[in-house]
Amino acid sequence: MNNNIFQFNRVGMLFRRTFQQNSKAILNTALVLSALSIFYFFLFLYFTTPDGIGVSSLLSFRGNVLIFLAGVFFIFSPFFYYYSYNHPKKGLSEVMLPASVLEKFVAMQLVCMIFAPLMALIFFGGSDALLTTLFPKYQSGYAIVHFFENMLTADTVLQAFLTLQAVFFCNMLFVRRKLLKTSASFIAVALLILIISTAVLGLLDSYGYFDGMSNSISINTGQRGLFEFYSGDHPFVTFLMILRIFMEVVMPIVFMIGSYRIMKTKRY
Amino acid sequence: MIAINNLSFKYGKKEILSDISMTLEAGKIYGLLGENGVGKTTLLKIICGLQKPFAGSCTVQGENPFNRTPSFLSSLYYLPEDLEYIQLDMSITQFSKLNAPFYPKFDYEKFEIILKEFDVNGDKKLNKLSHGQTKKAAIAFAIATNADLLLMDEPSNGLDIPSKTLFRRIIVEYVSDNTCTIISTHQVRDLENLIDPIIILDNKAVLMNASLEKISEKLYFGLYSSVPANALYFEPAPGGYICVMENEDMGESKVNIEALFNATMQHKSRIQQLLA
């Protein structure tokens, strides 16, 4: 690829710069995550019987904490690492850095998608795994295994990816009070979808559109593969499947293109 | 190096620059002068690609700055007036180690020397420095990039008097000979004996873009005990009046930039005609 558009070397330098610029915050986060895991270990130790009965039942709690932490780190990472990117004054150090917008965009996406959730997995999940290995009598099961068993479904990953891209886009779109404006936008969009879908469903129902649809037909499209269509499906189920593809595949791409476009054309 | 053709710029409906044209060459230190709010910073931002012209064009070494390509960005350094972008929780040395690799011609030795000349400790954290110290660190980094184009917006703001003198010397001594430097300021005295040519912006347009040689050829600057009848501009000074007059075979004189600026503001069309 053209040297002026993409070079892995420059992406590497951008990574290094991001990590070193945030090294103190990363170190503090790592310590807090490890401490949290140790805190849970002692907390559960206090509440369980001396012979260790019931310790395994706490695995799901630790696993869910890890899922929550990884989710938060994943979704809010654009705010954490790139809050000032489009700031008219503070953002100059980023925008004037000699790297292409594509290189900056790729580096930012990789930091948010891979590094940020990995922090939770390594430091909370890692400490938890270490404690389980060292003290199997007092703590059984690995939170990280629970995470991978429960979280790594295509649907969850795609939904998390959609949310990340939406937050990334809002981080580029809004200059000030980003968290407030992003939350307000999410609530507004959710309300809008709720109002429109309620109105449309009510209208369709009043015309008897769902009359031929058996109650036994599952319309929980989340249980299916993303492109799993059947010829006998009720048209409404097909519509929901298409809507799901739109939300989980098309919308993240739209948000990514939007973020890139803002980065490319932003004036300071 | 820089070609600006019929460039116009607006912030919303307010026109800041209107149909300006000029060319700037490598190896010169341009002084961009003008009153507050006249569009100096905007012009610098257009040249470095932070803003896009509303009409007309600006090219730097044949490239459109707004494309912000890596090769373009590594060939210039823009030092803004506000230094919030550099006030980070890291030492000056760490900052240079992280950012210098993006500038292929960065000279670490030069960076260390300039910091030493400015008496700034490289181990100090950027967010713990005073405004003047931060400015010195930023100036040192800017010069050490050895960029082909160096844009400085009000670089002397926040520097004490000895540092202003030092700044002028450092620019002369350490900026590469083939670098095109543009220094914007409204404090013209700070750049005396440094800038040549001089660009004066006023009322959305370029009022003057001339070398000191040409200015002293066309205008005469002198100290008189009383104001001569043909003086275009005068201002009281110890020992009489500093006067600016048309140079009618009076020989060469040292250009007083502040008097030149004020004279130009008072007799815009006359001085434009003289220097055309």
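Everything numeric in this text was worked out from a predicted model, so none of it was measured. (Residues numbered from 1 in each chain as written. Chains lettered and ligands numbered in written order. Predicted model: local features only at pLDDT ≥ 70, side-chain atom pairs only at ≥ 80, totals over all residues.)

### Some details on the overall build of chain B
Reasoning step 1: The number of helices and strands found in chain B is nine helices and 12 strands.
Reasoning step 2: Expected size for 276 residues packed as a compact globule is a radius of gyration near 19 Å; at 20 Å, chain B falls within 12% of this value.
Reasoning step 3: With respect to the three principal axes, the spread of C-alpha positions in chain B is 60 × 45 × 30 Å.
Reasoning step 4: Classification of the 276 residues of chain B by burial places 41% in the buried group.
Reasoning step 5: For chain B, the proportion of contacts with a sequence separation of at least 24, taken over those separated by at least 6, is 69%. (Helix = DSSP H or I, 4+ residues; strand = E, 2+ residues; numbered from the N terminus. Rg over C-alpha atoms; globule rule 2.2 N^0.38 Å. Buried ≥ 20, exposed ≤ 12 C-beta atoms within 10 Å, placed from the backbone. Contact = placed C-beta atoms within 7 Å.)

### Thoughts on the overall build of chain A
Reasoning step 1: A count of helical and extended segments in chain A gives nine helices and zero strands.
Reasoning step 2: In terms of overall dimensions, chain A has C-alpha extents of about 60 × 60 × 35 Å along its principal axes.
Reasoning step 3: Split into buried and exposed, the 268 residues of chain A put 27% on the buried side.
Reasoning step 4: Long-range pairs, those at least 24 residues apart, make up 75% of the contacts in chain A between residues at least 6 apart in sequence.

### Concerning the domain arrangement of chain B
Many analyses report the size of an interface as the accessible area lost when the parts associate.
Residue and element names in this part refer to chain B.
Reasoning step 1: Here the domain parsing of chain B yields domain 1 (2–209) and domain 2 (212–275).
Reasoning step 2: On a C-alpha basis, the centroid separation for the pair domain 1 and domain 2 is 29 Å.
Reasoning step 3: Taken together, the contact pairs 11 residues of domain 1 with 11 residues of domain 2.
Reasoning step 4: Elements with a minimum of two residues in the side of domain 1 that touches domain 2: β8 (198–202) and β9 (205–210).
Reasoning step 5: The element that contributes the greatest number of residues to the side of domain 1 that touches domain 2 is β8, accounting for three residues.
Reasoning step 6: Looking at the side of domain 1 that touches domain 2, its residues break down into seven nonpolar, no polar and four charged. (Domains from an automatic or database assignment. Nonpolar A, V, L, I, M, F, W, Y, C, P; charged D, E, K, R; others polar.)

### Notes on the interface of chain A and chain B
Reasoning step 1: Taken together, the contact between chain A and chain B spans 19 residues of the former and 24 residues of the latter.
Reasoning step 2: Of all the secondary structure elements, the ones that give two or more residues to the side of chain A that touches chain B are α1 (8–21) and α4 (92–95) of chain A.
Reasoning step 3: With five residues, the top contributor of residues to the side of chain A that touches chain B is α1 of chain A.
Reasoning step 4: Residues that form the side of chain A that touches chain B fall into these classes: eight nonpolar, five polar and six charged.

### What about unusual backbone geometry?
Residues and elements named next belong to chain B.
Reasoning step 1: D196 connects to P197 through a cis peptide bond whose omega is 5°.
Reasoning step 2: By secondary structure assignment, the location of P197 is in the loop between β7 (180–185) and β8.
Reasoning step 3: The phi dihedral of N6 is positive, around 45°, even though this residue is not glycine.
Reasoning step 4: With respect to the helices, strands and loops of the structure, N6 is situated in strand β1 (residues 2–11).
Reasoning step 5: Note on N6: 12 C-beta atoms within 10 Å, which makes it exposed.

### A look at the pairing of β9 of chain B
All names here are of chain B.
Reasoning step 1: Bridge count for β8 against β9 is five bridges, and the pairing is antiparallel. By the bridge assignment, I199 is partnered in β9 with N209.
Reasoning step 2: The hairpin turn running from β8 into β9, its antiparallel successor, is two residues long, and N203 in that turn takes a positive phi close to 50°. (Pairing = 2+ DSSP bridges.)

### Some words on the sheet that holds β7 of chain B
All names here are of chain B.
Reasoning step 1: Here we have six strands laid out as an open sheet, ordered β5-β6-β7-β3-β8-β9, and mixed in their pairing. The open sheet terminates on both sides in strands that have one partner only, identified here as β5 (76–79) and β9. For this sheet, the mean angle separating the axes of adjacent strands, direction not counted, is 15°.
Reasoning step 2: Here strand β3 (residues 29–33) pairs with β8 via three bridges, running parallel. (Axes fitted to C-alpha atoms, helices over the stretch in contact; angles between N-to-C directions.)

### Observations regarding the pairing of strand β12 (residues 240–246) of chain B
All names here are of chain B.
Reasoning step 1: Both strand β10 (residues 219–224) and β12 contribute to a ladder of six bridges, which runs antiparallel. Each bridged residue has a counterpart across the sheet, and for G222 the counterpart in β12 is C243.
Reasoning step 2: Pairing geometry for strand β11 (residues 231–237) and β12, over six bridges, is antiparallel. For F234, the partnering residue across the bridge sits in β12 and is C243.

### Comments concerning the sheet that holds strand β2 (residues 14–24) of chain B
Pairing between the strands of a sheet is mediated by backbone hydrogen bonds and can be parallel or antiparallel.
Residues and elements named next belong to chain B.
Reasoning step 1: The strand order across the open sheet built from three strands is β2-β1-β4, with neighbouring strands paired in antiparallel fashion. One side of each edge strand has no neighbouring strand; the edge strands of this open sheet are β2 and β4 (55–60). Pairwise comparison of adjacent strand axes, ignoring direction, gives a mean angle of 25° for this sheet.
Reasoning step 2: Bridge count for β1 against β2 is seven bridges, and the pairing is antiparallel. Each residue of the ladder has a partner; that of K10, found in β2, is E15.

### Quick word on the packing of helix α4 (residues 108–117) of chain B against helix α6 (residues 161–174) of chain B
Residue and element names in this part refer to chain B.
Reasoning step 1: Taken N-terminus to C-terminus, the directions of α4 and α6 make an angle of 160°; their axes are 11 Å apart at the nearest point. The angle between α4 and α6 places the two elements in the roughly antiparallel class. Judged by the sense of rotation from one axis to the other, the crossing of α4 with α6 is right-handed. Along the contact surface, α4 presents K110, I114 and E117, while α6 presents L166, I170 and Y174.
Reasoning step 2: When the residues that make up the contact of α4 with α6 are grouped by side-chain class, the tally is four nonpolar, no polar and two charged. (Parallel < 35°, antiparallel > 145°, perpendicular 65-115°, else oblique. Left-handed = near helix turned anticlockwise from the far one by under 90°.)

### Quick notes on the environment of V95 of chain A
Reasoning step 1: Looking at the secondary structure, you find V95 of chain A in helix α4.
Reasoning step 2: Spatially, the C-alpha atom of V95 of chain A lies 9.8 Å from that of R267 of chain A, the residues being 172 residues apart in sequence.

### A closer look at the environment of K204 of chain B
All names here are of chain B.
Reasoning step 1: Along the chain, K204 turns up in the loop between β8 and β9.
Reasoning step 2: Residue class for K204 comes out partly exposed when judged on the 17 C-beta atoms lying within 10 Å of it.
Reasoning step 3: C-alpha of K204 to C-alpha of L24: the two residues are 180 residues apart in sequence and 18 Å apart in space.
Reasoning step 4: Ignoring anything within four residues of it in the chain, the contact list for K204 reads E15, I16, L17, S18 and G39.

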